[in-house]
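Each chain is listed here by its residues.
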Amino acid sequence: MPTFAGTPFSGIINHTHGLSFARGATTGGATTIKLPATPSDGQSVIVKKTDASANAVTVDGNGSNIDGAGTQALANRWSSQIYTFSVAGASWFIDAKVV
């Protein structure tokens, strides 16, 4: 499951059938959500920013790249991304993005 650093955050909402959902609120400061360090092939994580503050939710690949970068940022309220891990590519890929 993803882990969180920073404050505040709302925690893991759901983790079933290889899918995790995390909401990040950043009114008290920037928040970092770390994706699983040892994901299984096809595992997906949905991350959503829920507040209108100027602070970003940073999604950290936790040792694996996300679309070629170590981190991705969600800056806008209600923006979300679906991250799916590929063993063949040894990295996370953004499968869907709502900004």
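Residues numbered from 1 in each chain as written. Predicted model: local features only at pLDDT ≥ 70, side-chain atom pairs only at ≥ 80, totals over all residues. Heavy atoms only, no water.

Draft legend 1. Structural view of the overall build of the protein. If you tally the helices and strands in the protein, you get zero helices and nine strands. Listing each helix as α and each strand as β along the protein from the N terminus yields β-β-β-β-β-β-β-β-β. Out of the 99 residues belonging to the protein, those deemed buried represent 40%. Taking the contacts inside the protein whose residues are at least 6 apart along the sequence as the reference set, 57% of them involve residues at least 24 apart. Of the accessible surface of the protein, which amounts to about 4,900 Å², a share of 53% is contributed by carbon and sulfur atoms. (Helix = DSSP H or I, 4+ residues; strand = E, 2+ residues; numbered from the N terminus. Buried < 20%, exposed > 50% of the residue type's maximum accessible area, 1.4 Å probe, protein only. Contact = heavy atoms within 4.5 Å. Areas by Shrake-Rupley, 256 points an atom, 1.4 Å probe, with all protein chains shown as cover.)

Draft legend 2. Structural context of the environment of Ala73. For Ala73, the location among the structural elements is in strand S7 (residues 71-74). Here the alpha-carbon distance between Ala73 and Thr58, two residues 15 residues apart in the chain, equals 4.4 Å. In this view, Ala73 contacts Ala56, Val57 and Thr58; residues no more than four positions away in its chain are not counted.

Draft legend 3. Summary view of the pairing of strand S9 (residues 91-98). The pairing of strand S8 (residues 80-86) with S9 spans seven bridges and is classified as antiparallel. Note on S9: the bridge partner recorded for Phe85 is Trp92. Two successive antiparallel strands, S8 and S9, enclose a turn made up of four residues, where Ala90 displays a positive phi of approximately 50 degrees. (Pairing = 2+ DSSP bridges.)

Draft legend 4. Region of interest: the nonpolar core. Within the largest apolar cluster, 13 residues are counted, with the highest numbers of intra-cluster contacts made by Leu35, Val47, Val59, Ile66, Tyr83 and Trp92. Secondary structure elements with two or more residues in this core: strand S5 (44-49), strand S6 (57-60), S8 and S9. Residue contacts for Ile66: discarding those within four places in its chain leaves Leu35, Val59, Asp60, Gly61, Thr71, Gln72, Tyr83, Trp92 and Ile94. (Core = buried A, V, L, I, M, F, W, Y, C linked by side-chain atoms within 4.5 Å.)

Draft legend 5. Quick peek at the pattern of salt bridges. Enumeration over the complete set of coordinates arrives at one salt bridge. In this structure, Lys49 engages Asp51 in a salt bridge whose closest nitrogen and oxygen atoms are separated by 3.2 Å. Assessed through its relative accessible area of 6%, Asp51 is described here as buried. (Salt bridge = Lys/Arg side-chain N within 4 Å of Asp/Glu carboxyl O.)

Draft legend 6. Spotlight on the environment of Ser53. Its place among the elements puts Ser53 in the loop between S5 and S6. Judged by its relative accessible area of 18%, Ser53 is buried. Sequence separation between Ser53 and Ala75 is 22 residues, and the spatial gap between their C-alpha atoms is 8.5 Å. Apart from the residues lying within four places of it in its own chain, the contact partners of Ser53 are Thr26, Thr27 and Ala75.

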